[in-house]
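# Architecture at a glance
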Amino acid sequence: HAGMEGSGDASRASAEWRLAMWTLCSVLLPVLITVWCSFQRSRRQLLIRDIFRKSKHDWHYTDLFGQPSYCCVCAQHILRGAFCGCCGLRVSERCLKQADQRFLCKEIMMRGTARAPSSMPHHWIRGNVPLCSCCMVCKQQCGTQPKLCDYRCVWCQCTVHDECMVDCLRTEDCTFGEFKDLIIPPYYLSTINQMRKEKRSSYEKVVPYCRKHWMPVMVLANTRSGNNMGETLLGEFKMLLNPVQVFDLSKIAPAKALQLCTWLPCNAVRVLVCGGDGTVGWVLDAVDEMKIKGQERYIPQVAILPLGTGNDLSNTLGWGAGYAGEVPVEQILRNVMEADGIKLDRWKVQVTNKGYYNLRKPKVFTMNNYFSVGPDALMALNFHAHREKTPSLFSSRIINKAVYFFYGTKDCLVQECKDLNKKVELELDGERIELPNLEGIIVLNIGYWGGGCRLWEGMGDEPYPLARHDDGLLEVVGVHGSFHCAQIQVKLANPVRLGQAHTVRLILKSSKMPMQVDGEPWAQGPCTVTITHKTHALMLYHSGEQTDDDDASSLSE
């Protein structure tokens, strides 16, 4: 009996031990599988990042849901994979290394040749052609079959059916397509580079330098502006142009990017700035530096693609109040080609603090749009402080405007800037102006203010001198508060027009007041603000979205 009990205990212990082992395995096995998968995923991601870092392609790992996509190596349909932002290659993850070694990307500059070339053949990429494209041979639609098929040239964007592709097309010279007058060909850069090494500066006979209508464009995009569309635009412009013409201002300063102008024909370069008014001011400051360096003959004309919140300068020059992807990039380039050159006044704003025995250097700003003291500067200051604390919340133009509205409503109740007329003195061209009861003073260089409001004109029911952005005159207005500003914006009230002047002097006698220059706000103590003409900027005006400024200009002429 005792022996039977002992064997029963042993069998129970064995069963419990087996149960414990199975339980342990059932817990550990999923953990080990998860750890192993995580390790393999991390290893795979490291390999992908390493390929991306060393590659001449502009690879991005992305979802490819925009259109049916096929791997350029294995021809399999893919939903996720690597996409080259320059040449448009699409490849699955497992074929990435092979594709990177097998296919060349767009060449920024042609490799060394015995003689200076003046042309180059098409650079064909197979598959994933745009759905609306037509074959350059038979004129029928390309890319209609659900497989990897047909060819596209990465320079001229021409497409050809597989069956229409013949040997002569593979060696035929590329025309660079619709945007040949905007593209900087790789062979041009290699020729100029060789001439610079040999210290030769007579570029007149180099193709396409010698071509009459060549107007190379440079794209300078601020990927942090407004609704963060800059990143997408960079890729789209790189697809259509030479990637060397497209710059990310978060990685390279405008002054350095603009040195490319010295490789190009004098007075022919056009620069497209993708960003807000602040980004445009940054680029124009870099253009002024070129003048100081003696590079005035290389100065470009500047067009704007508005990505910021206010975009008042863009609106004044006919480029619209904000871009949200509604216009194709191809049309934007056509607009830049067709735009007319105009001048824009730029102003020097000098702020000299009172006291300190004049030991402190005055603050100096450059103004393109407007200077203000009062409620609109206070709104900008509050908005700026809020954005500095939580920048991630301010990625949408709608949210930005909502925050401005909140602070404007708050100021209507609090009236922090009341009795401004008792705190300041205003002089226009040396003449003292008697101020009525005001909360704010705004000095305008352009027609638009506050995100699309024609401040100088107001309701448009009173006679007033015309406002222009190239006449060397500033328009000076007063406002009674935030509520008055809101009334002007919806054309229910007129501003207090204080006059026009070539020079404006404002003396803040006491207390601290919010001030701003082109949307850059600060709190300012007693001081003297002097605004004088600095220089002209060469801009491009797009007549497609005509503003009231031009109606006024045509009337004055």
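None of these values were measured; they are calculated from a predicted model. (Residues numbered from 1 in each chain as written. Predicted model: local features only at pLDDT ≥ 70, side-chain atom pairs only at ≥ 80, totals over all residues. Heavy atoms only, no water.)

Helices and strands together make up the secondary structure of the protein, namely 14 helices and 24 strands. Looking at the protein residue by residue over its 557 residues, the buried ones come to 49%. At a minimum sequence separation of 6, the contacts of the protein that also span at least 24 residues come to 69%. Carbon and sulfur atoms make up 55% of the accessible area of the protein, which totals about 27900 Å². (Helix = DSSP H or I, 4+ residues; strand = E, 2+ residues; numbered from the N terminus. Buried < 20%, exposed > 50% of the residue type's maximum accessible area, 1.4 Å probe, protein only. Contact = heavy atoms within 4.5 Å. Areas by Shrake-Rupley, 256 points an atom, 1.4 Å probe, with all protein chains shown as cover.)

Moving on, we get to a nonpolar patch on the surface. Taken together, the side chains of Trp 17, Met 21, Leu 24, Leu 28 and Leu 32 present a nonpolar region at the surface, about 520 Å² in accessible area. You can call Trp 17 exposed: its relative accessible area is 56%. (Patch = residues over 30% accessible without salt bridge, like charges linked within 9 Å, V, L, I, M, F, W, Y side chains within 5 Å. Salt bridge = Lys/Arg side-chain N within 4 Å of Asp/Glu carboxyl O.)

So, about the environment of Ile 304. Within the secondary structure, Ile 304 is located in strand E12 (residues 301-306). A relative accessible area of 1% means that Ile 304 is categorised as buried. Separated by 33 residues in sequence, Ile 304 and Val 271 have C-alpha atoms that sit 8.3 Å apart. Each residue touching Ile 304, except ones within four places of it in the same chain, is listed here: Leu 272, Val 273, Gly 275, Val 280, Leu 313, Ser 314, Leu 317, Trp 319 and Met 539.

Attention now goes to the pairing of strand E16 (residues 424-428). Counting buried positions along E16 gives four out of five residues, so the element sits mostly inside the fold. Two elements, E16 and strand E21 (residues 504-508), share five bridges in a ladder whose sense is antiparallel. Across the sheet, residue Leu 428 finds its bridge partner in E21, namely Val 504. Here E16 runs beside strand E17 (residues 431-433); their pairing, made up of three bridges, is antiparallel. (Pairing = 2+ DSSP bridges.)

What follows covers the UniProt feature "transmembrane region" (unreviewed entry) in the protein. Per the UniProt record, the feature "transmembrane region" (unreviewed entry) sits at residues 20-39. Helix and strand shares over residues 20-39 are 100% and 0% respectively, and the end C-alpha atoms of the span are 28 Å apart. (UniProt positions renumbered as here; feature names shortened; annotations may be inferred.)

Moving on, we come to the packing of helix H5 (residues 230-240) against helix H9 (residues 329-338). Where H5 meets H9, the axes come as close as 10 Å, and the angle between the chain directions of the two elements is 70°. One element, H5, and the other, H9, form an angle in the roughly perpendicular class. Note on element contacts: H9 touches H5 through Val 329, Glu 330, Ile 332 and Leu 333, opposite Leu 233, Glu 236, Phe 237 and Leu 240. A class-by-class count of the residues in the contact of H5 with H9 yields six nonpolar, no polar and two charged. (Axes fitted to C-alpha atoms, helices over the stretch in contact; angles between N-to-C directions. Parallel < 35°, antiparallel > 145°, perpendicular 65-115°, else oblique. Nonpolar A, V, L, I, M, F, W, Y, C, P; charged D, E, K, R; others polar.)

So, about the pairing of strand E11 (residues 270-275). Among the six residues in E11, six count as buried, and that is most of the element. Both faces of E11 are covered, namely the face carrying Arg 270, Leu 272 and Cys 274 and the face carrying Val 271, Val 273 and Gly 275. Examined bridge by bridge, strand E9 (residues 217-221) and E11 share five bridges and lie parallel to one another. Considered in E11, the bridge of Met 218 is made with Val 271. Pairing analysis gives six bridges linking E11 to E12, with the strands arranged parallel. Across the sheet, the residue bridging to Cys 274 is Leu 305, located in E12. In terms of handedness, the path from E11 via helix H7 (residues 277-292) over to E12 forms a crossover that is right-handed. (Right-handed = clockwise from strand over helix to strand, strands pointing away.)

Right, let's talk about the packing of aromatic side chains for a bit. Using the criterion set out here, one finds four aromatic pairs in the structure. Measuring from ring centre to ring centre gives 5.0 Å for Tyr 188 and Trp 214, while their planes differ by 70°; the resulting arrangement is edge-to-face. Of this pair, Tyr 188 sits in helix H4 (residues 186-197) while Trp 214 is found in the loop between H4 and E9, placing the two residues 26 residues apart along the sequence. Each member of the pair, Tyr 188 as well as Trp 214, is classed as buried. Judged by centre distance (4.7 Å) and plane angle (20°), the ring pair of Phe 365 and Trp 522 falls under stacked. (Phe/Tyr/Trp six-rings, centres within 6.5 Å; stacked < 30°, edge-to-face > 60°.)

Another aspect to go through is unusual backbone geometry. Look at Lys 139: it is not a glycine, yet its phi comes out positive at around 65°. Among the structural elements, Lys 139 can be located in the loop between strand E6 (124-126) and strand E7 (151-153). The exposure class assigned to Lys 139 is exposed, which follows from its relative accessible area of 59%.

Taken in spatial order, the three strands of this open sheet run E1-E4-E5, and their pairing is antiparallel. Taken across any chain shown, the strands that pair with only one partner, and hence form the sheet edges, are strand E1 (59-63) and strand E5 (90-91). In this structure, E1 lies alongside strand E4 (residues 80-84), joined through five bridges in antiparallel fashion. Among the inter-strand pairings, His 60 is bridged to a residue of E4, identified as Phe 83.

Moving on, we come to H9. Turning to H9, its buried residues number three or more, namely Val 329, Ile 332, Leu 333, Asn 335 and Val 336. Buried residues along H9 cover an arc of 155° about the axis, so they all sit on one side. Buried residues along H9 sit in contact with E9, H5, E11, E12 and strand E24 (527-541). (Arc of directions from axis to C-beta.)

Moving on, we get to the pattern of salt bridges. Counting across every chain of the model gives 15 salt bridges. A salt bridge links Asp 288 to Lys 534; the nearest nitrogen and oxygen atoms lie 3.7 Å apart. Of the two residues, Asp 288 sits in helix H7 while Lys 534 sits in strand E24, which places them 246 residues apart along the sequence. Taking the relative accessible area as the measure of exposure, Lys 534 reaches 41% and is therefore partly exposed. We note a salt bridge from Glu 427 to Arg 505, for which the minimum N-O separation is 3.4 Å. Placement of Glu 427 in strand E16 and of Arg 505 in strand E21 is noted, with a sequence separation of 78 residues between them. By relative accessible area, Glu 427 is classed as buried at 19%.

One open sheet holds the six strands; their spatial order is E20-E19-E18-E15-E22-E23, and the pairing between them is antiparallel. What marks the edges here is a single partner per strand, and that holds for strand E20 (496-501) and strand E23 (520-524). Within this sheet the neighbouring strands show an average axis-to-axis angle of 15°, counted without direction. In terms of strand pairing, strand E22 (residues 513-517) meets E23 through five bridges, oriented antiparallel. Bridging across to E23, Val 517 finds its partner in Glu 520.

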